[in-house]
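# Inside the fold
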Amino acid sequence: MTGVWVYSTDFSLYGELLTKADELAEKLGAGTAALLIGRDVRENADSLARMADKVYLLDRPELGWFEAGVYAEIIYRLAQQHEPDLIIVDSSRRGKELSARLATKLKAGCIPDCLRLDVEQGRVVADRMVYGGRAISTQACKTPAVVAVAPHAFEEKKLRKAGELVEVDVDVPSPAVRLVETRTKEVSGAALEEAEIVIAGGRGIEKREDLKLLHELAEVLNGEVGCTRPLAEDRGWFTDWIGLSGHKIKPNLYIAVGISGAIQHVAGIRDAKIIVSINTDEEAPINQVSDYIINADLYEVVPALIDAIKRRLGR
Amino acid sequence: MPRVLVCIKHSLNVAELSVDRETGRVVTAGAPRKMSDFDRNAVEEALKLREAGWEAVVITVGDEEAKMALREALAMGVDSAYHITGDELKDLDTLATSYLLAKAAEKLKPDLILCGEASIDSFTGLVGPRIAEWLQIPHIAYVRSLKVEGAEVIAERSLEDRIEVVRAEMPALITVTREINEPRIPSIMAIMKASKKEIVRWSAGDLGVSTEELERLRAVGVLEVRAPMMKRKGVVIEGESVQEIVEKLVDALVQEGVLP
């Protein structure tokens, strides 16, 4: 038993992933390792050493751009030397591609988007959402295994380790895919996961200018504005969306405005405490998963609601 | 003639699944199925290449009924269809499924392989990148636009925080998102014609894959599938006027303690 490894494409997720890794490693009677791979990443080694028994560091100038094939090959070569039981990766788009390629190199099983993760009788057991969010599937995988873990699925705890820093010597393979151009997306949804109140718009919003209604409502409620996938990907009004393939949120209050409630969207709001839907269509699926339903024109309801809240909250 | 191979899945139609109220389990036996949504985008993208002189071929791994997805792709306009099937292929996970598809790709020698971002039912997104890895060819994920230039493919992919334009030498494997195109809907005539087309059947043995090999590639097993509890109040708020309705909603939200 040689351990549980963590690699994250997002540095801020190492804490929660290594917390889980530590818990599983203890059950396996093994240690943990954090993989720190990239360009100019050395400065982060100390903070990882406080969270893992080992830090494998590969800091190379040619690793400035993340290409999953290159990273998979590097981690694969390390894994051949040290034979970890489990490799945990973050479930971002980059992380999922990496986990698929790494698992295949290892001829290993892979479970992406894990919401729960454990080891039982030497097997890795995980829960993930399937059927467009309609069901939770519990799956078991023999070791070695690669899993990708949904962000914020696990709580971060303070780990007080004094891990050993190991500089690894691996030839960096040349990428099979070459970068031509890259554009930063203006990310609008970063705050959605943390928000207590989220107002989201769907295809019922007719024009882009009408989004100001949602912003006004969000302002009086101190909330954030989000949307469904069609508003982001088809209409380009937002950079990202709420749903199975986007943000999965758990606010106290979620107000769905002009949203029909495709199950892929509902999968992203399942953990909301209270769901309100405002929709003219009485048959809309969103109504099946809502606590409070208003079947009326959002263009009448939202302005009236803004006024009512202002009066009630004295704003 | 260059060849594009599209890997598709006959998925559970997740929008029409029902839950057994007594057991809380999702009923999958006999549940309606269809070609996975993203795969339809992959087929459409292959048809665009076909219009530029390519041969478009479609393949699936699945039971007898999975032929329906191949028929649908044929009706959309692909040239030929391959069905990897057999009793020993039940409940394969992505490791084995991708291996069979990679073995088939070795026979079919495509210049480009297209897959959907993920299947609508299990939504792992693993099969595409795994095939690329088995074949040791470049892989580009989450592609929302695509063009072929000489021996290279240039693709725009959408990551959480950025858009990347990348290029790779063919043969390459590309997984596409729903935004890449609007899949065509075949005519009744095309559907009827497609129903008469021959579908090539391959067993694992035809691809040189033994039963023992398949067993070794069984890594993930499903222990249980259950519907998550989602108890909602479902209160429809009604009233004489919009003002009355929103006042009632605000009252309710105050009661729930969710207003700031």
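This is a predicted model, so every value here is computed, not measured. Residue indices follow the written sequence of each chain, beginning from 1 at its first position. Starting at A for chains and at 1 for ligands, labels are handed out in the order in which the entities are written. Two thresholds apply to this predicted model, a pLDDT of at least 70 for residue-level local features and 80 or more for giving and counting side-chain atom pairs, whereas whole-chain, interface and lining totals are computed over all residues.

Only runs of H or I of at least four residues qualify as helices and only runs of E of at least two qualify as strands under DSSP, and these elements are numbered from the N terminus. Assigned secondary structure in chain B consists of seven helices and 15 strands. Projected onto its principal axes, the C-alpha positions of chain B cover 70 × 40 × 40 Å. Sorting the 260 residues of chain B into buried and exposed places 47% on the buried side. Nonlocal contacts in chain B, meaning residues at least 24 apart in sequence, comprise 69% of its contacts between residues at least 6 apart. Partly exposed residues are those whose C-beta has more than 12 but fewer than 20 other C-beta atoms within 10 Å; 20 or more makes a residue buried and 12 or fewer makes it exposed, with C-beta atoms placed from the backbone. C-beta atoms are placed from the backbone for every residue, and two residues are taken to be in contact when these atoms lie within 7 Å.

Residues and elements named next belong to chain B. To estimate the expected span of a helix, count its residues, drop one, and scale the result by 1.5 Å. Taking 1.5 Å per residue, 15 residues should reach 21 Å; helix H1 (residues 37-51) reaches 22 Å between its end C-alpha atoms and fits that length. Taken across its 15 residues, H1 has 12 buried, putting it largely inside the fold. Among all positions in H1, only Asp37, Phe38, Asp39, Arg40, Asn41, Ala42, Val43, Glu44, Glu45, Ala46, Leu47 and Leu49 are buried. Remark: Gly53 follows H1 within two positions and exhibits a positive phi of approximately 100°.

A few words on the nonpolar core. We call a set of buried Ala, Val, Leu, Ile, Met, Phe, Trp, Tyr and Cys residues a nonpolar core when their C-beta atoms link them within 7 Å. Grouped together as the largest cluster of nonpolar side chains are 186 residues, with contacts concentrated most on A:Val147 and B:Val6. When near neighbours in sequence (up to four residues on either side) are disregarded, A:Val147 contacts A:Leu86, A:Ile88, A:Cys110, A:Ile111, A:Cys114, A:Leu117, A:Val124 and A:Ala126.

Taken together, the contact between chain B and chain A spans 66 residues of the former and 66 residues of the latter. Secondary structure elements with two or more residues in the side of chain B that touches chain A: helix H3 (94-108), helix H4 (127-135), strand S9 (139-149), strand S11 (162-169), strand S14 (220-226), strand S15 (235-236) and helix H7 (242-256) of chain B. The residue makeup of the side of chain B that touches chain A, split by class, is 41 nonpolar, nine polar and 16 charged. The rule for pairing is simple: two strands pair if DSSP sees at least two bridges between them. In this structure, strand S8 (residues 135-141) of chain A lies alongside S14(B), joined through six bridges in antiparallel fashion. Each residue is assigned to one class: nonpolar for Ala, Val, Leu, Ile, Met, Phe, Trp, Tyr, Cys and Pro, charged for Asp, Glu, Lys and Arg, and polar for all the others, Gly among them.

Moving on, we get to the domain arrangement of chain A. Residues and elements named next belong to chain A. Per the annotation, domain bounds derive from an automatic or database assignment of domains. Its domain assignment divides chain A into domain 1 (4-167) and domain 2 (192-313). For domain 1 and domain 2, the distance between their C-alpha centroids amounts to 34 Å. Facing six residues of domain 1, the contacting portion of domain 2 comprises eight residues. Looking at the side of domain 1 that touches domain 2, its residues break down into two nonpolar, three polar and one charged.

Judged from the seven bridges that link them, strand S11 (residues 177-184) of chain A and S11(B) form a sheet pairing that is antiparallel. Looking at the pairing, A:Arg178 lines up with B:Arg167 of S11(B). Pairing of strand S10 (residues 152-158) of chain B with S11(B) involves seven bridges; the strand directions are antiparallel. Among the inter-strand pairings, B:Ala155 is bridged to a residue of S11(B), identified as B:Val166. Following S10(B), the chain reverses through three residues before pairing antiparallel with S11(B).

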